[in-house]
Amino acid sequence: MRGRGDRLAAALAERELDLFLVTELTNVRYLTGFTGTNGACICGPETRLFLTDFRYTERAAAEVEGWETVTVADDWLGGIAARLRGRFGFEDDHVPVRLLERLRGKLAEGVEPVAAGGMVERLRRVKDEGELAAIAAASELADEVWRWSVERGLGGRSEREVARAAEARIRELGGDPSFPAIVAAGPNGALPHAEPGERAIGEGELVVFDMGAKLDGYCSDGTRTYAVGDPGEHAREVYATVLAAQQAALGAIEAGLGGEALDAVAREQIETAGYGERFGHGLGHGVGLEVHEAPRLSPRSGDTLAAGEVVTVEPGVYLPGELGVRIEDMVVVTDDGCRNLSSLDKRLTLVE
């Protein structure tokens, strides 16, 4: 973990900062390994301080390596303020205004907070081998749960029953859901973020099944669209359109490509088929300690892909009142392509 602190410290010079205060817990975990619910760290060229309270002193001793651990006894903000000096960056995208004002009131004269949010998130974009292994394991666990769910059948069961069973199976296999599973059948599939309800899945319907697992803190995210019996020619044509768009995007991925350009590869396929207005979300997003993180793949993305980033590729077509199709893989960007972490077949699968 110390190497991550070194990378953050090296980035401070570009912003003319002496120190950086990290309070967002996912970022604290990334830098230090701490998994508790109260911790902060202060990083600088010669500083690696991790702060927590009495409740987590023993946990910090077991989890935090390469950082000096300080237990703050009473005044949490005061304990942080006492260890800050010069110009220090803080995560303005996570620190509430009221909390910042309280911290300002405890700083020594001449100590200046500087808004510098996003610095740790930028480091998190490129995964190391340990992170990639954890994400791959989470993806394989989720794939196993999709196989298990299909073997049990979908027809006649409620969306909620299928979703809850899948989440319970993830836990049985040693993980946690990385987000509430989406199971959306028939016309509900036209809602990209549908909430599973009591509606029974009917014969001839498409079922959008979006799910992810979390292992060792790292997430997976994927989607498959299944058919319960024969969904009809129109549904098959929509499915083929989405699959072609996804395959085109997967084939175009490489380090150095912009997120906007990659989104356009899939979007052009869907627009050519006449469904451009029915693909209303971005092509994908980064995945790691959080299920949605940088980079973004969308028409408004300013991100450029780098080797070692993990992104989803998830085009969709949504026809209100009728059906929806989304196909989502999670891939590792490489210098000349990508490595797909999703092992499930993408041919339209007809299930009972």
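Scoring rules and cut-offs
Residues numbered from 1 in each chain as written. Predicted model: local features only at pLDDT ≥ 70, side-chain atom pairs only at ≥ 80, totals over all residues. Heavy atoms only, no water. 1 Å grid on protein atoms, 1.4 Å probe; cavity = no way out; pocket = protein on both sides within 12 Å on 5 of 7 lines; lining within 4 Å. Points joined across faces, edges and corners; volume = space filled by probe spheres on them. Helix = DSSP H or I, 4+ residues; strand = E, 2+ residues; numbered from the N terminus. Nonpolar A, V, L, I, M, F, W, Y, C, P; charged D, E, K, R; others polar. Phe/Tyr/Trp six-rings, centres within 6.5 Å; stacked < 30°, edge-to-face > 60°. Buried < 20%, exposed > 50% of the residue type's maximum accessible area, 1.4 Å probe, protein only. Pairing = 2+ DSSP bridges. Axes fitted to C-alpha atoms, helices over the stretch in contact; angles between N-to-C directions. Contact = heavy atoms within 4.5 Å. Core = buried A, V, L, I, M, F, W, Y, C linked by side-chain atoms within 4.5 Å. Polar contact = N/O pair within 3.5 Å; in protein donor to acceptor, adjacent residues only side chain to side chain.

Visitor: Kindly report on empty space enclosed by the protein, identifying the contributing residues and their values.
Guide: Regions of empty space are outlined by a rolling probe, equal in size to a water molecule, passed over the atoms. Counting across every chain of the model gives one cavity of 30 Å³ or more. Considering only enclosed or pocket space, the largest cavity measures out at about 50 Å³ in volume. It is helix H7 (residues 129-152) that contributes the most residues to the lining of the largest cavity, four residues altogether. By residue class, the composition of the lining of the largest cavity is four nonpolar, five polar and five charged.

Visitor: Just give me the short version of the packing of aromatic side chains, but keep the residues and values in it.
Guide: Considering all chains together, one arrives at three aromatic pairs under this definition. For the pair phenylalanine 34 and phenylalanine 50, a centre-to-centre distance of 4.8 Å together with 55° between the ring planes defines the contact as tilted. With a gap of 16 residues between them, phenylalanine 34 in the loop between helix H2 (25-32) and strand E2 (40-44) and phenylalanine 50 in strand E3 (residues 47-52) connect regions that are remote in the sequence. Accessibility assignment for this pair places phenylalanine 34 and phenylalanine 50 in one class, buried. When the ring of phenylalanine 34 is compared with that of tyrosine 56, the centres are 5.6 Å apart and the planes differ by 85°; the resulting orientation is edge-to-face. Of the two residues, phenylalanine 34 is situated in the loop between H2 and E2 and tyrosine 56 in the loop between E3 and helix H3 (57-63); the sequence distance between them amounts to 22 residues. Per residue, the accessibility class of phenylalanine 34 equals that of tyrosine 56, and both read buried. Put simply, the rings of Phe34, Phe50 and Tyr56 pair up and form one aromatic cluster.

Visitor: Describe the sheet that holds E2, listing the residues and the values that go with them.
Guide: Across the sheet, six strands lie side by side as E4-E3-E2-E1-E5-E6; this open sheet has mixed pairing. Each having just a single partner strand, strand E4 (68-71) and strand E6 (112-115) make up the two edges of the open sheet. The sheet shows a mean angle of 25° between the axes of neighbouring strands, direction not considered. Strand direction decides the pairing type here: E2 and E3, joined by five bridges, are antiparallel. If you follow isoleucine 42 over to E3, its bridge partner there is leucine 49. On the sheet, H2 packs against strand E1 (19-22), E2 and E3 and is oriented at approximately 55° with respect to E2.

Visitor: Any chance you could break down the nonpolar core for me, citing the residues and the numbers?
Guide: Leu8, Phe20, Val22, Leu31 and Val310 are the most contacted members of the largest nonpolar core, which has 35 residues in total. For this core, the secondary-structure elements that each account for two or more residues are helix H1 (2-12), E1, H2, E2, helix H6 (119-124), H7, strand E11 (218-219) and strand E18 (329-334). Sequence-distant contacts of phenylalanine 20, that is, excluding residues within four places in its chain, are made with Leu8, Leu12, Cys41, Ile42, Cys43, Gly89, Phe90, Glu91, Ala116, Met119 and Val120. Grouped together as the second largest cluster of nonpolar side chains are 29 residues, Leu206, Leu297, Leu319 and Val333 included.

Visitor: Explain the side chain of arginine 224 residue by residue, including any values.
Guide: By the secondary structure assignment, arginine 224 is in strand E12 (residues 222-228). When its relative accessible area of 3% is taken as the criterion, arginine 224 is described as buried. Within the local environment of arginine 224, its side chain forms a polar contact with the side chain of aspartate 329, the two groups lying 2.8 Å apart. Of the polar contacts made by the side chain of arginine 224, one reaches the backbone oxygen of leucine 344; its length is 3.2 Å. Sequence-distant contacts of arginine 224, that is, excluding residues within four places in its chain, are made with Trp146, Val207, Val208, Phe209, Arg326, Ile327, Glu328, Asp329, Ser342, Leu344, Asp345 and Lys346.

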